[in-house]
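Architecture and fold: a report
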Amino acid sequence: MKRNFVILILGLGAVFSCAPLDTEPSDFIAPEFYFNNEAEINNALTGIYDVLGGGGMYGGGDGLITYWDAADQMYHNSTDRPPQYVYSAADSWPLSLWQNLYKGIERANVLLANIDKPEITIERRNVIRGEAMFLRAYYYFVLVQNFGDIPLKTNPTASVSDIYYERTPASDVYDFIYTEMEEAETLVQPITNNNHSGRVTQSAVRGVLARISLYMAGFPNNRTDKYNDALNWSSKLIESGLHDLNPDYSQIFINLIQNKYDVKENIWEVEYHTTGVTDPYNETGGLGINNGIAQNLQEYGFGGPQYRVHEKYYRLFEADDARRDWNIAPYTFVSNSNPPVKQYWSEAQIYNRFIGKYRRDYELVPDKIKNNTGTNFPLLRYADVLLMAAEAENEVNGPTEKAIGYLNRVRERAGVAPVTTFKEKDDFRKMIRDERSRELGFEGWRRLDLVRWGIFIPTMKALAEYVRQTAPSNANAARAGENVSEKHLYLPIPVRELSLNHLLTQNPGW
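These remarks concern the structure in this document. Predicted, not measured: the structure shown is a model, and the values here were computed from it.

Let us look at the overall build of the chain. Each helix and strand in the chain was counted, giving 16 helices and six strands. In terms of overall size, the chain behaves like a compact globule, its C-alpha atoms giving a radius of gyration of 22 Å where 510 residues would be expected to give roughly 24 Å. Principal-axis analysis of the C-alpha atoms gives the chain an extent of 65 × 55 × 45 Å. Expressed as a percentage of the 510 residues in the chain, the buried residues total 61%. For the chain, the share of sequence-separated contacts (at least 6 apart) that also reach a separation of at least 24 residues comes to 73%.

What follows concerns the environment of Arg496. Mapped onto the fold, Arg496 is located in helix H16 (residues 495-500). Along the primary structure Arg496 and Ala230 are separated by 266 residues, whereas in three dimensions their C-alpha atoms are 37 Å apart.

With that out of the way, let us pick up the nonpolar core. For soluble globular proteins, nonpolar side chains are generally found buried alongside one another. Within the largest apolar cluster, 138 residues are counted, with the highest numbers of intra-cluster contacts made by Tyr58, Tyr138 and Trp268. Broken down by element, the residue count for this core peaks at 14 residues, all from helix H3 (residues 122-147). Aside from chain neighbours lying at most four places away, what touches Tyr58 is Leu52, Leu64, Ile65, Tyr138, Val142, Val270, Tyr272, Leu287, Phe377 and Leu379. Ala329, Phe333, Trp345 and Phe354 belong to the second-largest nonpolar core, a separate cluster that totals six residues.

Topologically, Asn109 is positioned in helix H2 (residues 92-114). Asn109 sits in the buried class, given a relative accessible area of 2%. Only 2.8 Å separates the side chain of Asn109 from the side chain of Arg136, close enough to count as a polar contact. Those residues in contact with Asn109 that sit more than four places away from it in its chain are Arg136, Lys153, Thr154, Asn155 and Pro156.

Tallied over the full model, the rule gives 37 salt bridges. One salt bridge connects Glu131 with Arg199, and the closest N-O pair in it is separated by 2.9 Å. Here Glu131, found in helix H3, pairs with Arg199, found in the loop between helix H4 (170-185) and helix H5 (202-217); they are 68 residues apart in sequence, far enough to count as distant. Taking relative accessible area as the criterion, Glu131 reaches 3% and is therefore assigned buried. Note that Arg381 and Glu265 form a salt bridge whose closest N and O atoms lie 3.0 Å from each other. Of the two residues, Arg381 sits in strand E6 (residues 377-381) while Glu265 sits in the loop between helix H7 (249-257) and strand E2 (266-270), which places them 116 residues apart along the sequence. A relative accessible area of 1% means that Arg381 is categorised as buried. Shared partners join several salt bridges into a network, and the residues in it are Glu265, Glu318, Asp321, Arg323, Lys357, Arg381, Arg411, Arg413, Glu435, Arg438, Glu439 and Glu443.

This part takes up unusual backbone geometry. Omega for the bond connecting Phe219 with Pro220 falls within 30 degrees of zero, at 0°, which places this linkage in the cis form. With respect to the helices and strands, Pro220 occurs in the loop between H5 and helix H6 (226-239). Residue Pro339 follows Asn338 across a cis peptide bond; omega there is 5°. Position of Pro339 among the secondary structure elements: in the loop between strand E4 (331-333) and strand E5 (342-344). Although it is not a glycine, Phe442 adopts a positive phi angle of roughly 65°. Here Phe442 is to be found in the loop between helix H12 (425-440) and helix H13 (446-452).

With respect to the helices, strands and loops of the structure, His488 is situated in the loop between helix H15 (475-483) and H16. Assessed through its relative accessible area of 3%, His488 is described here as buried.

This brings us to the packing of aromatic side chains. According to the stated counting rule, one finds 27 aromatic pairs in the structure shown. Both rings, one in Trp98 and one in Tyr102, keep their centres 5.1 Å apart while their planes meet at 50°; by these two values the pair is tilted. Of this pair, Trp98 and Tyr102 are both found in helix H2, four residues apart, which corresponds to roughly one turn of the helix. Residues Phe253 and Tyr358 carry aromatic rings whose centres are separated by 6.4 Å and whose planes lie at 85° to one another, so their mutual orientation is edge-to-face. With Phe253 in helix H7 and Tyr358 in the loop between E5 and E6, this residue pair connects regions lying 105 residues apart in the sequence.

Quick look at the pairing of E6 now. Burial within E6 is extensive, with five of its five residues counted as buried. The pairing of E2 with E6 spans four bridges and is classified as antiparallel. Bridge pairing in E6 links Trp268 to Leu380.

A few words on H2. Its 23 residues give H2 an end-to-end C-alpha distance of 33 Å, which sits within 8% of 33 Å, the value for a rise of 1.5 Å per residue. Burial of H2 is extensive: 18 of the 23 residues sit out of reach of the surface.

The rules behind the values
Residue indices begin from 1 for each chain and proceed along its sequence in written order. Where local features are concerned, this predicted model is filtered to residues with pLDDT of at least 70; where side-chain atom pairs are given and counted, the filter is 80 or more; whole-chain, interface and lining totals use all residues. To get the side-chain values, take all heavy atoms of the structure and skip hydrogens and water. Only DSSP runs of H or I reaching four residues or more are called helices, and only runs of E reaching two or more are called strands; each is numbered from the N terminus. Two things to know: the radius of gyration comes from C-alpha atoms, and the globule rule equals 2.2 Å times the number of residues to the power 0.38. To sort residues, take the accessible area from a 1.4 Å probe on protein chains only and compare it with the maximum for the residue type: under 20% means buried, over 50% means exposed, and anything in between is partly exposed. We call two residues in contact whenever any of their non-hydrogen atoms come within 4.5 Å of each other. Working definition of a nonpolar core: buried Ala, Val, Leu, Ile, Met, Phe, Trp, Tyr and Cys residues. They are joined through side-chain atoms within 4.5 Å. Think of a polar contact as two N or O atoms within 3.5 Å of one another; within protein, one of them needs to be a possible hydrogen donor and the other a possible acceptor, and neighboring residues in sequence only count if both atoms come from side chains. The rule for a salt bridge is simple: a side-chain nitrogen of Lys or Arg has to be within 4 Å of a carboxyl oxygen of Asp or Glu. For Phe, Tyr and Trp, where Trp contributes only its six-membered ring, two rings pair if their centres lie within 6.5 Å, and the inter-plane angle classes them as stacked under 30 degrees, edge-to-face over 60, or tilted in between. Strand pairing follows a simple DSSP-based rule, namely that at least 2 bridges must link the two strands. By this rule, a helix spans an expected 1.5 Å times one less than how many residues it contains.

Spelled out as C-alpha coordinates, the structure:
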(Lines give C-alpha, C1' and ligand atoms only; values in the text may rest on other atoms or scores of the structure.)
Protein backbone atom coordinates (compact mmCIF):
# COMPACT_ATOMS: atom_id res chain seq x y z
CA MET A 1 0.00 0.00 0.00
CA LYS A 2 2.54 2.58 1.13
CA ARG A 3 5.68 1.01 -0.24
CA ASN A 4 7.44 2.53 -3.21
CA PHE A 5 8.14 -0.34 -5.56
CA VAL A 6 11.54 -0.27 -7.15
CA ILE A 7 11.74 -3.46 -9.15
CA LEU A 8 15.16 -4.75 -9.90
CA ILE A 9 15.43 -7.32 -12.66
CA LEU A 10 17.88 -9.74 -11.15
CA GLY A 11 20.26 -12.21 -12.65
CA LEU A 12 20.07 -13.87 -16.03
CA GLY A 13 16.39 -14.73 -15.56
CA ALA A 14 16.61 -17.65 -17.94
CA VAL A 15 15.41 -20.43 -15.68
CA PHE A 16 11.86 -21.75 -15.69
CA SER A 17 10.01 -19.89 -18.36
CA CYS A 18 11.75 -16.59 -18.70
CA ALA A 19 11.57 -15.00 -22.11
CA PRO A 20 14.33 -15.81 -24.61
CA LEU A 21 17.39 -13.73 -23.96
CA ASP A 22 18.71 -11.11 -26.30
CA THR A 23 22.33 -11.51 -27.30
CA GLU A 24 23.17 -8.38 -25.31
CA PRO A 25 20.53 -7.99 -22.63
CA SER A 26 19.80 -4.47 -21.46
CA ASP A 27 16.99 -4.98 -18.95
CA PHE A 28 18.93 -6.06 -15.87
CA ILE A 29 21.94 -5.31 -13.76
CA ALA A 30 24.34 -8.20 -13.40
CA PRO A 31 24.77 -9.24 -9.74
CA GLU A 32 28.53 -8.63 -9.76
CA PHE A 33 27.83 -4.93 -10.30
CA TYR A 34 25.08 -4.70 -7.71
CA PHE A 35 24.52 -5.46 -3.99
CA ASN A 36 27.06 -2.85 -2.93
CA ASN A 37 25.09 -1.27 -0.08
CA GLU A 38 21.99 -1.64 2.05
CA ALA A 39 19.81 0.36 -0.34
CA GLU A 40 20.56 -2.03 -3.19
CA ILE A 41 19.89 -5.02 -0.95
CA ASN A 42 16.54 -3.50 0.05
CA ASN A 43 15.63 -2.87 -3.59
CA ALA A 44 16.34 -6.50 -4.38
CA LEU A 45 14.17 -7.62 -1.46
CA THR A 46 11.33 -5.42 -2.72
CA GLY A 47 11.61 -7.22 -6.05
CA ILE A 48 11.01 -10.53 -4.28
CA TYR A 49 7.94 -9.19 -2.48
CA ASP A 50 6.56 -7.78 -5.71
CA VAL A 51 5.83 -11.25 -7.07
CA LEU A 52 3.05 -11.69 -4.49
CA GLY A 53 0.98 -9.15 -6.37
CA GLY A 54 1.91 -10.33 -9.86
CA GLY A 55 0.02 -12.21 -12.57
CA GLY A 56 -1.78 -15.34 -11.49
CA MET A 57 -1.23 -14.60 -7.81
CA TYR A 58 -3.40 -12.65 -5.31
CA GLY A 59 -4.59 -9.66 -7.31
CA GLY A 60 -8.17 -10.88 -7.58
CA GLY A 61 -8.39 -11.37 -11.33
CA ASP A 62 -7.46 -14.76 -12.76
CA GLY A 63 -5.33 -16.09 -9.94
CA LEU A 64 -5.12 -18.00 -6.69
CA ILE A 65 -8.23 -16.54 -5.07
CA THR A 66 -10.46 -16.90 -8.12
CA TYR A 67 -9.45 -19.29 -10.91
CA TRP A 68 -7.71 -21.79 -8.66
CA ASP A 69 -10.08 -21.56 -5.69
CA ALA A 70 -13.31 -22.53 -7.42
CA ALA A 71 -15.03 -25.14 -5.28
CA ASP A 72 -18.32 -25.16 -3.37
CA GLN A 73 -18.54 -21.42 -2.63
CA MET A 74 -18.58 -19.71 -6.04
CA TYR A 75 -19.05 -20.53 -9.69
CA HIS A 76 -17.89 -18.82 -12.89
CA ASN A 77 -20.25 -17.33 -15.45
CA SER A 78 -18.41 -18.90 -18.39
CA THR A 79 -18.23 -22.48 -19.62
CA ASP A 80 -14.59 -22.63 -20.68
CA ARG A 81 -12.40 -21.35 -17.87
CA PRO A 82 -10.38 -22.93 -15.06
CA PRO A 83 -13.12 -22.32 -12.44
CA GLN A 84 -15.23 -24.74 -14.48
CA TYR A 85 -12.25 -27.13 -14.61
CA VAL A 86 -11.82 -26.58 -18.33
CA TYR A 87 -8.14 -25.97 -19.08
CA SER A 88 -5.11 -27.78 -20.42
CA ALA A 89 -1.35 -27.93 -19.99
CA ALA A 90 -1.01 -25.68 -23.06
CA ASP A 91 -3.08 -22.84 -21.60
CA SER A 92 -1.60 -19.60 -20.29
CA TRP A 93 -3.23 -19.74 -16.84
CA PRO A 94 -1.10 -22.45 -15.20
CA LEU A 95 1.95 -21.13 -17.05
CA SER A 96 1.45 -17.63 -15.61
CA LEU A 97 1.35 -18.99 -12.07
CA TRP A 98 4.41 -21.17 -12.62
CA GLN A 99 6.43 -18.38 -14.23
CA ASN A 100 5.72 -15.81 -11.56
CA LEU A 101 6.55 -18.15 -8.70
CA TYR A 102 9.87 -19.19 -10.20
CA LYS A 103 10.63 -15.55 -10.97
CA GLY A 104 10.28 -14.82 -7.26
CA ILE A 105 12.42 -17.82 -6.39
CA GLU A 106 15.16 -16.75 -8.79
CA ARG A 107 15.17 -13.24 -7.34
CA ALA A 108 15.46 -14.70 -3.85
CA ASN A 109 18.27 -17.04 -4.91
CA VAL A 110 20.25 -14.14 -6.33
CA LEU A 111 19.75 -11.97 -3.27
CA LEU A 112 20.68 -14.74 -0.83
CA ALA A 113 23.81 -15.53 -2.85
CA ASN A 114 24.95 -11.89 -2.60
CA ILE A 115 23.64 -10.78 0.77
CA ASP A 116 27.06 -10.93 2.46
CA LYS A 117 28.68 -8.51 -0.04
CA PRO A 118 27.81 -5.09 1.39
CA GLU A 119 28.88 -3.75 4.75
CA ILE A 120 25.71 -3.50 6.84
CA THR A 121 24.92 -4.37 10.42
CA ILE A 122 24.53 -8.03 11.34
CA GLU A 123 21.03 -7.35 12.66
CA ARG A 124 19.86 -5.79 9.41
CA ARG A 125 21.52 -8.47 7.28
CA ASN A 126 19.77 -11.17 9.30
CA VAL A 127 16.36 -9.54 8.88
CA ILE A 128 16.77 -9.29 5.11
CA ARG A 129 18.07 -12.85 4.93
CA GLY A 130 15.11 -14.10 6.95
CA GLU A 131 12.52 -12.32 4.82
CA ALA A 132 14.10 -13.54 1.58
CA MET A 133 14.33 -17.12 2.87
CA PHE A 134 10.71 -17.06 3.95
CA LEU A 135 9.44 -15.63 0.67
CA ARG A 136 11.38 -18.19 -1.37
CA ALA A 137 9.94 -20.96 0.80
CA TYR A 138 6.46 -19.49 0.49
CA TYR A 139 6.68 -19.47 -3.31
CA TYR A 140 7.72 -23.10 -3.19
CA PHE A 141 4.73 -23.75 -0.92
CA VAL A 142 2.34 -22.33 -3.51
CA LEU A 143 4.05 -24.36 -6.23
CA VAL A 144 3.96 -27.68 -4.40
CA GLN A 145 0.33 -27.16 -3.38
CA ASN A 146 -0.75 -26.58 -6.95
CA PHE A 147 1.66 -28.67 -9.02
CA GLY A 148 2.85 -31.47 -6.70
CA ASP A 149 6.42 -32.59 -7.37
CA ILE A 150 8.42 -29.62 -8.69
CA PRO A 151 12.04 -28.69 -9.43
CA LEU A 152 13.71 -27.44 -6.26
CA LYS A 153 16.39 -24.91 -7.13
CA THR A 154 18.23 -22.92 -4.44
CA ASN A 155 21.12 -21.34 -6.37
CA PRO A 156 21.05 -18.51 -8.92
CA THR A 157 20.92 -19.44 -12.57
CA ALA A 158 24.48 -19.93 -13.76
CA SER A 159 23.94 -19.63 -17.52
CA VAL A 160 21.31 -19.70 -20.23
CA SER A 161 21.65 -23.49 -20.39
CA ASP A 162 21.10 -23.93 -16.65
CA ILE A 163 17.46 -24.99 -17.04
CA TYR A 164 17.47 -28.77 -16.70
CA TYR A 165 16.09 -29.91 -13.36
CA GLU A 166 14.12 -32.99 -12.39
CA ARG A 167 11.02 -32.80 -10.24
CA THR A 168 11.74 -33.13 -6.53
CA PRO A 169 9.23 -35.25 -4.56
CA ALA A 170 6.64 -33.08 -2.85
CA SER A 171 7.52 -34.49 0.58
CA ASP A 172 11.12 -33.29 0.17
CA VAL A 173 9.94 -29.87 -1.00
CA TYR A 174 7.75 -29.56 2.09
CA ASP A 175 10.71 -30.48 4.29
CA PHE A 176 12.77 -27.74 2.64
CA ILE A 177 9.95 -25.21 3.08
CA TYR A 178 9.50 -26.05 6.75
CA THR A 179 13.23 -25.93 7.54
CA GLU A 180 13.71 -22.61 5.74
CA MET A 181 10.76 -20.99 7.48
CA GLU A 182 11.84 -22.35 10.84
CA GLU A 183 15.19 -20.60 10.44
CA ALA A 184 13.53 -17.45 9.09
CA GLU A 185 11.43 -17.23 12.26
CA THR A 186 14.60 -16.64 14.27
CA LEU A 187 15.81 -13.87 11.93
CA VAL A 188 12.87 -11.64 11.11
CA GLN A 189 11.48 -8.89 13.32
CA PRO A 190 8.43 -9.03 15.58
CA ILE A 191 5.35 -7.38 14.14
CA THR A 192 5.58 -4.69 16.84
CA ASN A 193 8.51 -3.21 14.91
CA ASN A 194 6.11 -2.26 12.09
CA ASN A 195 2.92 -0.26 11.83
CA HIS A 196 1.73 -2.29 8.85
CA SER A 197 1.32 -5.91 7.75
CA GLY A 198 3.13 -5.81 4.43
CA ARG A 199 6.43 -7.24 5.68
CA VAL A 200 7.23 -10.75 6.84
CA THR A 201 7.39 -10.77 10.64
CA GLN A 202 7.70 -13.43 13.34
CA SER A 203 3.92 -13.51 13.63
CA ALA A 204 3.52 -14.11 9.89
CA VAL A 205 6.16 -16.85 9.88
CA ARG A 206 4.59 -18.63 12.86
CA GLY A 207 1.13 -18.52 11.34
CA VAL A 208 2.31 -19.77 7.95
CA LEU A 209 4.36 -22.52 9.63
CA ALA A 210 1.13 -23.68 11.29
CA ARG A 211 -0.49 -23.70 7.85
CA ILE A 212 2.43 -25.59 6.29
CA SER A 213 2.25 -28.17 9.07
CA LEU A 214 -1.44 -28.80 8.41
CA TYR A 215 -0.74 -29.39 4.73
CA MET A 216 2.07 -31.77 5.61
CA ALA A 217 -0.32 -33.64 7.94
CA GLY A 218 -3.01 -33.92 5.27
CA PHE A 219 -3.32 -35.38 1.77
CA PRO A 220 -1.15 -36.39 0.00
CA ASN A 221 1.63 -36.30 2.61
CA ASN A 222 -0.39 -37.81 5.48
CA ARG A 223 2.34 -37.08 8.03
CA THR A 224 -0.07 -36.85 10.94
CA ASP A 225 2.72 -36.11 13.43
CA LYS A 226 2.82 -32.62 11.89
CA TYR A 227 -0.43 -31.77 13.66
CA ASN A 228 1.79 -31.33 16.72
CA ASP A 229 3.84 -28.73 14.85
CA ALA A 230 0.69 -26.97 13.68
CA LEU A 231 -0.47 -26.79 17.28
CA ASN A 232 2.92 -25.55 18.47
CA TRP A 233 3.21 -22.71 15.96
CA SER A 234 -0.38 -21.54 16.19
CA SER A 235 -0.22 -21.66 20.00
CA LYS A 236 3.03 -19.68 20.00
CA LEU A 237 1.41 -16.97 17.92
CA ILE A 238 -1.73 -16.87 20.05
CA GLU A 239 0.21 -16.83 23.31
CA SER A 240 2.37 -13.93 22.14
CA GLY A 241 -0.58 -11.68 22.97
CA LEU A 242 0.17 -9.48 19.95
CA HIS A 243 -3.00 -10.28 18.04
CA ASP A 244 -6.74 -10.18 18.49
CA LEU A 245 -9.93 -10.30 16.44
CA ASN A 246 -11.34 -7.11 15.04
CA PRO A 247 -14.76 -6.90 16.76
CA ASP A 248 -16.47 -6.14 13.44
CA TYR A 249 -16.05 -8.73 10.67
CA SER A 250 -16.88 -6.33 7.85
CA GLN A 251 -14.40 -3.74 9.16
CA ILE A 252 -11.52 -6.14 8.44
CA PHE A 253 -12.18 -5.78 4.72
CA ILE A 254 -13.18 -2.12 4.79
CA ASN A 255 -9.72 -1.48 6.28
CA LEU A 256 -8.11 -3.42 3.45
CA ILE A 257 -10.10 -1.43 0.90
CA GLN A 258 -9.35 1.94 2.52
CA ASN A 259 -5.60 1.57 3.09
CA LYS A 260 -5.91 1.21 6.86
CA TYR A 261 -3.79 -1.29 8.76
CA ASP A 262 -5.03 -3.55 11.53
CA VAL A 263 -1.98 -5.57 12.51
CA LYS A 264 -3.85 -7.40 15.27
CA GLU A 265 -6.25 -9.14 12.85
CA ASN A 266 -4.44 -8.92 9.50
CA ILE A 267 -1.04 -10.41 10.20
CA TRP A 268 0.29 -10.48 6.63
CA GLU A 269 -1.06 -8.69 3.56
CA VAL A 270 -0.27 -8.34 -0.12
CA GLU A 271 0.04 -4.59 -0.55
CA TYR A 272 -1.49 -2.61 -3.39
CA HIS A 273 -1.66 1.14 -3.85
CA THR A 274 -3.14 3.83 -6.06
CA THR A 275 -4.30 7.41 -5.75
CA GLY A 276 -6.36 7.15 -8.94
CA VAL A 277 -6.08 7.12 -12.71
CA THR A 278 -3.42 9.85 -12.81
CA ASP A 279 -1.12 8.14 -10.31
CA PRO A 280 2.19 7.40 -12.13
CA TYR A 281 3.26 4.91 -9.44
CA ASN A 282 0.28 2.55 -9.32
CA GLU A 283 0.85 -0.87 -7.80
CA THR A 284 -2.68 -2.16 -8.25
CA GLY A 285 -4.61 -5.39 -8.03
CA GLY A 286 -8.11 -6.30 -9.08
CA LEU A 287 -10.01 -7.15 -5.90
CA GLY A 288 -13.68 -6.23 -6.22
CA ILE A 289 -13.86 -6.24 -10.01
CA ASN A 290 -14.05 -9.84 -11.29
CA ASN A 291 -14.93 -10.99 -7.79
CA GLY A 292 -17.15 -8.07 -6.78
CA ILE A 293 -20.63 -6.64 -7.25
CA ALA A 294 -21.97 -5.61 -10.66
CA GLN A 295 -21.86 -1.83 -11.14
CA ASN A 296 -21.34 0.00 -14.43
CA LEU A 297 -20.14 3.47 -13.47
CA GLN A 298 -16.38 3.91 -13.11
CA GLU A 299 -16.58 6.88 -10.75
CA TYR A 300 -18.37 4.76 -8.15
CA GLY A 301 -16.19 1.68 -8.53
CA PHE A 302 -16.84 -0.42 -11.63
CA GLY A 303 -17.63 -4.08 -11.07
CA GLY A 304 -17.76 -6.62 -13.86
CA PRO A 305 -18.13 -9.82 -11.82
CA GLN A 306 -17.47 -13.20 -13.36
CA TYR A 307 -18.51 -15.11 -10.24
CA ARG A 308 -21.74 -15.83 -8.44
CA VAL A 309 -22.35 -17.68 -5.22
CA HIS A 310 -23.58 -21.20 -4.59
CA GLU A 311 -26.79 -21.63 -2.66
CA LYS A 312 -25.14 -24.46 -0.76
CA TYR A 313 -22.61 -21.97 0.61
CA TYR A 314 -25.34 -19.47 1.51
CA ARG A 315 -27.21 -22.18 3.43
CA LEU A 316 -24.06 -23.03 5.42
CA PHE A 317 -24.52 -19.81 7.42
CA GLU A 318 -26.91 -19.43 10.31
CA ALA A 319 -29.45 -16.67 9.72
CA ASP A 320 -27.90 -14.35 12.32
CA ASP A 321 -24.31 -14.86 11.14
CA ALA A 322 -22.87 -11.40 10.39
CA ARG A 323 -20.48 -12.91 7.86
CA ARG A 324 -23.14 -14.17 5.46
CA ASP A 325 -24.35 -10.84 4.06
CA TRP A 326 -20.82 -9.48 3.89
CA ASN A 327 -19.27 -12.44 2.11
CA ILE A 328 -22.35 -12.81 -0.11
CA ALA A 329 -23.72 -9.47 -1.26
CA PRO A 330 -27.48 -9.31 -0.57
CA TYR A 331 -27.92 -6.69 -3.29
CA THR A 332 -26.84 -5.62 -6.74
CA PHE A 333 -26.92 -2.13 -8.24
CA VAL A 334 -29.66 -0.91 -10.57
CA SER A 335 -28.13 -0.81 -14.04
CA ASN A 336 -26.64 2.62 -14.88
CA SER A 337 -28.34 4.39 -11.99
CA ASN A 338 -26.44 7.57 -11.13
CA PRO A 339 -25.70 7.60 -8.29
CA PRO A 340 -25.84 3.82 -7.87
CA VAL A 341 -29.00 2.47 -6.23
CA LYS A 342 -28.97 -0.82 -4.39
CA GLN A 343 -31.52 -3.43 -5.37
CA TYR A 344 -31.86 -6.28 -2.90
CA TRP A 345 -32.22 -9.87 -4.01
CA SER A 346 -35.21 -11.94 -2.98
CA GLU A 347 -34.82 -15.14 -0.99
CA ALA A 348 -35.41 -17.03 -4.24
CA GLN A 349 -32.44 -15.34 -5.95
CA ILE A 350 -29.52 -16.86 -4.11
CA TYR A 351 -27.77 -18.15 -7.24
CA ASN A 352 -27.87 -14.60 -8.63
CA ARG A 353 -25.78 -13.15 -5.81
CA PHE A 354 -22.23 -11.89 -6.14
CA ILE A 355 -19.19 -12.07 -3.88
CA GLY A 356 -19.43 -9.15 -1.46
CA LYS A 357 -16.14 -9.31 0.39
CA TYR A 358 -14.22 -6.67 -1.58
CA ARG A 359 -16.71 -3.81 -2.11
CA ARG A 360 -15.55 -1.00 -4.35
CA ASP A 361 -18.16 1.43 -3.00
CA TYR A 362 -15.98 1.68 0.13
CA GLU A 363 -12.92 2.90 -1.79
CA LEU A 364 -11.70 6.35 -0.73
CA VAL A 365 -9.82 7.06 -3.98
CA PRO A 366 -11.83 9.83 -5.70
CA ASP A 367 -10.63 9.19 -9.27
CA LYS A 368 -11.15 5.44 -9.44
CA ILE A 369 -9.50 3.21 -12.03
CA LYS A 370 -11.99 1.09 -13.92
CA ASN A 371 -10.22 -2.27 -13.89
CA ASN A 372 -7.74 -1.90 -11.02
CA THR A 373 -7.94 -1.25 -7.30
CA GLY A 374 -5.60 -0.53 -4.41
CA THR A 375 -7.31 -3.02 -2.09
CA ASN A 376 -4.91 -5.17 -0.08
CA PHE A 377 -5.29 -8.93 0.13
CA PRO A 378 -5.10 -10.72 3.53
CA LEU A 379 -2.65 -13.61 3.29
CA LEU A 380 -2.95 -14.44 7.00
CA ARG A 381 -5.62 -13.35 9.47
CA TYR A 382 -5.77 -14.01 13.19
CA ALA A 383 -9.12 -15.79 12.78
CA ASP A 384 -7.38 -18.29 10.51
CA VAL A 385 -4.75 -18.88 13.19
CA LEU A 386 -7.45 -19.57 15.79
CA LEU A 387 -9.15 -22.06 13.48
CA MET A 388 -5.85 -23.76 12.67
CA ALA A 389 -5.16 -24.07 16.41
CA ALA A 390 -8.63 -25.56 16.96
CA GLU A 391 -8.09 -28.06 14.14
CA ALA A 392 -4.64 -29.09 15.33
CA GLU A 393 -5.75 -29.36 18.98
CA ASN A 394 -8.64 -31.58 17.93
CA GLU A 395 -6.40 -33.86 15.87
CA VAL A 396 -3.83 -34.15 18.67
CA ASN A 397 -5.98 -34.20 21.81
CA GLY A 398 -9.58 -34.37 20.64
CA PRO A 399 -12.31 -31.74 21.10
CA THR A 400 -10.88 -30.26 24.28
CA GLU A 401 -12.09 -27.15 26.03
CA LYS A 402 -9.15 -25.30 24.48
CA ALA A 403 -10.09 -26.38 20.94
CA ILE A 404 -13.72 -25.41 21.47
CA GLY A 405 -12.62 -22.08 22.92
CA TYR A 406 -10.57 -21.22 19.83
CA LEU A 407 -13.54 -22.01 17.59
CA ASN A 408 -15.98 -20.07 19.74
CA ARG A 409 -13.88 -16.90 19.63
CA VAL A 410 -14.38 -16.84 15.85
CA ARG A 411 -18.09 -17.69 16.10
CA GLU A 412 -18.79 -15.12 18.78
CA ARG A 413 -17.29 -12.36 16.65
CA ALA A 414 -19.75 -13.39 13.92
CA GLY A 415 -22.67 -13.04 16.36
CA VAL A 416 -23.63 -16.71 16.41
CA ALA A 417 -24.10 -18.92 19.43
CA PRO A 418 -21.02 -20.69 20.81
CA VAL A 419 -20.83 -24.44 20.37
CA THR A 420 -21.00 -26.73 23.39
CA THR A 421 -18.98 -29.79 24.37
CA PHE A 422 -18.28 -32.34 21.66
CA LYS A 423 -17.87 -36.02 22.44
CA GLU A 424 -16.59 -37.07 19.05
CA LYS A 425 -13.48 -35.85 17.26
CA ASP A 426 -15.15 -36.44 13.88
CA ASP A 427 -18.11 -34.19 14.73
CA PHE A 428 -15.85 -31.39 15.85
CA ARG A 429 -13.67 -31.83 12.76
CA LYS A 430 -16.78 -31.28 10.59
CA MET A 431 -17.63 -28.15 12.60
CA ILE A 432 -14.13 -26.72 12.08
CA ARG A 433 -14.24 -27.40 8.37
CA ASP A 434 -17.56 -25.61 8.00
CA GLU A 435 -16.33 -22.73 10.13
CA ARG A 436 -13.27 -22.26 7.95
CA SER A 437 -15.55 -22.01 4.93
CA ARG A 438 -17.78 -19.42 6.59
CA GLU A 439 -14.92 -17.33 7.97
CA LEU A 440 -12.43 -17.51 5.10
CA GLY A 441 -14.74 -17.61 2.10
CA PHE A 442 -13.27 -16.14 -1.12
CA GLU A 443 -9.82 -15.75 0.44
CA GLY A 444 -8.19 -18.49 -1.63
CA TRP A 445 -8.14 -21.46 0.77
CA ARG A 446 -11.30 -23.47 0.14
CA ARG A 447 -10.17 -25.76 -2.70
CA LEU A 448 -6.79 -26.31 -1.05
CA ASP A 449 -8.46 -27.12 2.26
CA LEU A 450 -10.73 -29.66 0.58
CA VAL A 451 -7.73 -31.26 -1.11
CA ARG A 452 -5.68 -31.59 2.09
CA TRP A 453 -8.69 -33.06 3.90
CA GLY A 454 -8.99 -35.67 1.12
CA ILE A 455 -12.60 -34.72 0.30
CA PHE A 456 -12.25 -32.48 -2.74
CA ILE A 457 -13.68 -34.81 -5.40
CA PRO A 458 -16.68 -36.10 -3.37
CA THR A 459 -17.48 -32.56 -2.21
CA MET A 460 -17.57 -31.31 -5.78
CA LYS A 461 -19.68 -34.25 -6.98
CA ALA A 462 -22.12 -33.64 -4.13
CA LEU A 463 -22.23 -29.98 -5.10
CA ALA A 464 -23.22 -30.82 -8.67
CA GLU A 465 -26.02 -33.02 -7.38
CA TYR A 466 -27.19 -30.25 -5.03
CA VAL A 467 -27.38 -27.81 -7.95
CA ARG A 468 -29.31 -30.32 -10.04
CA GLN A 469 -31.82 -30.61 -7.20
CA THR A 470 -32.14 -26.89 -6.36
CA ALA A 471 -31.52 -25.14 -9.70
CA PRO A 472 -31.67 -27.69 -12.54
CA SER A 473 -31.62 -24.96 -15.20
CA ASN A 474 -28.41 -23.40 -13.87
CA ALA A 475 -25.87 -25.35 -15.90
CA ASN A 476 -22.96 -23.06 -14.99
CA ALA A 477 -23.39 -23.67 -11.26
CA ALA A 478 -23.22 -27.44 -11.70
CA ARG A 479 -20.51 -27.57 -14.35
CA ALA A 480 -17.41 -27.47 -12.09
CA GLY A 481 -18.66 -30.42 -10.04
CA GLU A 482 -19.54 -32.33 -13.16
CA ASN A 483 -16.18 -31.70 -14.83
CA VAL A 484 -13.82 -32.28 -11.92
CA SER A 485 -11.82 -35.50 -11.73
CA GLU A 486 -8.76 -36.92 -9.96
CA LYS A 487 -6.40 -35.15 -12.33
CA HIS A 488 -7.61 -31.80 -10.96
CA LEU A 489 -5.99 -32.43 -7.60
CA TYR A 490 -3.01 -30.75 -9.27
CA LEU A 491 -2.54 -28.32 -12.12
CA PRO A 492 -0.76 -29.60 -15.23
CA ILE A 493 2.93 -28.89 -15.71
CA PRO A 494 2.86 -26.25 -18.48
CA VAL A 495 3.68 -27.55 -21.94
CA ARG A 496 6.21 -24.77 -22.43
CA GLU A 497 8.16 -26.00 -19.40
CA LEU A 498 8.14 -29.56 -20.68
CA SER A 499 9.51 -28.38 -24.01
CA LEU A 500 12.31 -26.35 -22.39
CA ASN A 501 13.28 -28.81 -19.68
CA HIS A 502 13.33 -32.38 -20.98
CA LEU A 503 13.84 -33.73 -17.45
CA LEU A 504 10.32 -32.68 -16.42
CA THR A 505 7.41 -35.12 -16.49
CA GLN A 506 3.68 -34.41 -16.62
CA ASN A 507 1.19 -34.87 -13.79
CA PRO A 508 -1.15 -37.88 -14.03
CA GLY A 509 -4.16 -37.43 -16.27
CA TRP A 510 -2.79 -34.46 -18.20
